[in-house]
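Here's the letter readout for the chains.
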Amino acid sequence: AQRVTQPEKLLSVFKGAPVELKCNYSYSGSPELFWYVQYSRQRLQLLLRHISRESIKGFTADLNKGETSFHLKKPFAQEEDSAMYYCALRLNSGNTPLVFGKGTRLSVIA
Amino acid sequence: ETGVTQSPTHLIKTRGQQVTLRCSSQSGHNTVSWYQQALGQGPQFIFQYYREEENGRGNFPPRFSGLQFPNYSSELNVNALELDDSALYLCASRAHGGEARGFFGPGTRLTVL
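Model, not experiment: these values are computed from the prediction. (Residues numbered from 1 in each chain as written. Chains lettered and ligands numbered in written order. Predicted model: local features only at pLDDT ≥ 70, side-chain atom pairs only at ≥ 80, totals over all residues. Heavy atoms only, no water.)

(A) Geometry of the interface of chain B and chain A. Contacts between the two partners involve 24 residues from chain B, matched on the other side by 16 residues from chain A. Summed over both partners, the interface of chain B with chain A comes to about 1,700 Å²; 49% of that surface belongs to carbon and sulfur atoms. Linking chain B with chain A are zero salt bridges, by the criterion used here. Where chain B meets chain A, there are four residue pairs in polar contact (both at pLDDT 80 or more). (Contact = heavy atoms within 4.5 Å. Buried area = accessible area lost by both parts, 1.4 Å probe. Salt bridge = Lys/Arg side-chain N within 4 Å of Asp/Glu carboxyl O. Polar contact = N/O pair within 3.5 Å; in protein donor to acceptor, adjacent residues only side chain to side chain.)

(B) Structural context of the sheet that holds strand S3 (residues 19-24) of chain B. All names here are of chain B. Pairing within the open sheet is antiparallel, and its four strands lie in the order S1-S3-S8-S7. Pairing within the sheet leaves two strands with one partner each, and these edge strands are strand S1 (5-7) and strand S7 (64-68). When strand polarity is set aside, the average angle formed by the axes of neighbouring strands in this sheet is 20 degrees. For S7 and strand S8 (residues 74-78), the ladder comprises five bridges, and the chain directions are antiparallel. Within S8, the position partnered with Gly66 by the bridge is Leu76. (Pairing = 2+ DSSP bridges. Helix = DSSP H or I, 4+ residues; strand = E, 2+ residues; numbered from the N terminus. Axes fitted to C-alpha atoms, helices over the stretch in contact; angles between N-to-C directions.)

(C) A look at the packing of aromatic side chains. One pass over the structure, following the stated rule, counts 11 aromatic pairs over all chains. Plain terms: the ring middles of Phe34(A) and Tyr36(A) are 6.2 Å apart, the flat faces sit at 45 degrees to each other, and that makes the pair tilted. Note on accessibility: Phe34(A) and Tyr36(A) belong to one class, buried. Aromatic pair Tyr36(A) and Phe104(B): ring centres 5.6 Å apart, planes at 85 degrees, arrangement edge-to-face. One end of the pair, Tyr36(A), is in strand S5 (residues 32-38); the other, Phe104(B), is in strand S10 (residues 103-104), on a second chain. The exposure classification of Tyr36(A) matches that of Phe104(B), with both residues buried. (Phe/Tyr/Trp six-rings, centres within 6.5 Å; stacked < 30°, edge-to-face > 60°. Buried < 20%, exposed > 50% of the residue type's maximum accessible area, 1.4 Å probe, protein only.)

(D) A look at the sheet that holds strand S8 (residues 72-74) of chain A. All names here are of chain A. Strand order in this open sheet of three strands is S3-S8-S7, and the pairing throughout is antiparallel. Of all the strands in the sheet, just strand S3 (19-21) and strand S7 (60-61) have a single pairing partner and so form its edges. Summarising the sheet, S3 and S8 pair through three bridges and their orientation is antiparallel. What sits directly across from Glu20, in S8, is Lys73.

(E) Summary view of the pattern of salt bridges. The full count for this structure, using the stated rule, is nine salt bridges over all chains. In this structure, Asp85(B) and Arg63(B) form a salt bridge, with 2.8 Å as the shortest nitrogen-oxygen distance. With Asp85(B) in the loop between S8 and strand S9 (87-94) and Arg63(B) in the loop between strand S6 (53-57) and S7, the pair connects residues that are 22 residues apart, well separated along the chain. Note on Arg63(B): relative accessible area 17%, which makes it buried. One network of salt bridges, in which partners are shared, links Glu20(A), Lys22(A) and Lys73(A).

(F) Up close: the confidence of the model for chain A. Across chain A, the average pLDDT comes to 91, with 96% of residues at 70 or higher. The least confident element of chain A, judged by mean pLDDT, is strand S6 (residues 45-49) of chain A at 91; the most confident is strand S11 (residues 104-109) of chain A at 98. (pLDDT = per-residue confidence, 0-100.)

(G) Summary view of the pairing of strand S5 (residues 44-50) of chain B. All names here are of chain B. By the criterion of burial, S5 is predominantly enclosed, with six of the seven residues buried. Taken together, the six bridges between strand S4 (residues 31-37) and S5 define a ladder with antiparallel strand orientation. Note on S5: the bridge partner recorded for Trp34 is Phe47. As paired elements, S5 and S6 share four bridges and run antiparallel to each other. By the bridge assignment for S6, Phe47 is matched with Arg57.

(H) Structural detail: the state of the cysteines. Evaluated as defined, the whole model comprises two disulfides over all chains. One disulfide in the model links Cys23(A) with Cys87(A); its S-S distance is 2.0 Å. Here the S-S torsion is close to -65 degrees, and the disulfide linking Cys23(A) with Cys87(A) is therefore left-handed. A residue pair is termed long-range when its members are at least 10 positions apart, and Cys23(A) in the loop between S3 and strand S4 (24-26) and Cys87(A) in strand S9 (residues 83-90) qualify at 64 residues. The disulfide that involves Cys23(B) links it to Cys91(B), with 2.0 Å between the sulfurs. Here the disulfide of Cys23(B) and Cys91(B) is right-handed, its torsion about the S-S bond being about 75 degrees. Residue Cys23(B) is located in strand S3, and its partner Cys91(B) is located in strand S9; the two are separated by 68 residues in the primary sequence. Of the two residues examined, Cys23(B) and Cys91(B), each falls in the buried class. (Disulfide = S-S within 2.5 Å.)

So, in structure tokens, the structure goes:
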């Protein structure tokens, strides 16, 4: 079965420090990987996806198939980055659902 | 802000009761998925509907059932509520074969006493 692991429940960093939120997955095929974010009192929303190779709000994530990882990174954390972050995968076939990790709460300290 | 809406926002029920949660999909989206998010957990897939038929189901018992209507709105029904059913219930809509991510609603917070 597919599984997404986010090893850190809580990550606290100082403003301006680099951030790395870890995500590892288990799936033998080629999944689509996503990072979702949930700010306080807001709905779950897509932050970025690996196929787009984009940078959103300064965040990037690179899919490493060898290590089955999709870590989220940002060089300089900002206070407004404080939120819950969920890594998710979707099987790259058909109309399949998202499989989420348990999430990491990022707290950026001023 | 997406066009996916859910009602009610909050709900309190007692064990053994039945509950119906509603979701209105974003315009043009014909596929809706429901997720359960327990406290401290990521969302877990319950089931998915496309063209008014269930076309995928997660590891949830049959007392979790759903409906999708011709206008693509959807319902999640849970019978014989248990304390562990207390959670945030999310729906996500997308166009079939379209962008994979889904657009999430704000959720319904269900508390079972």
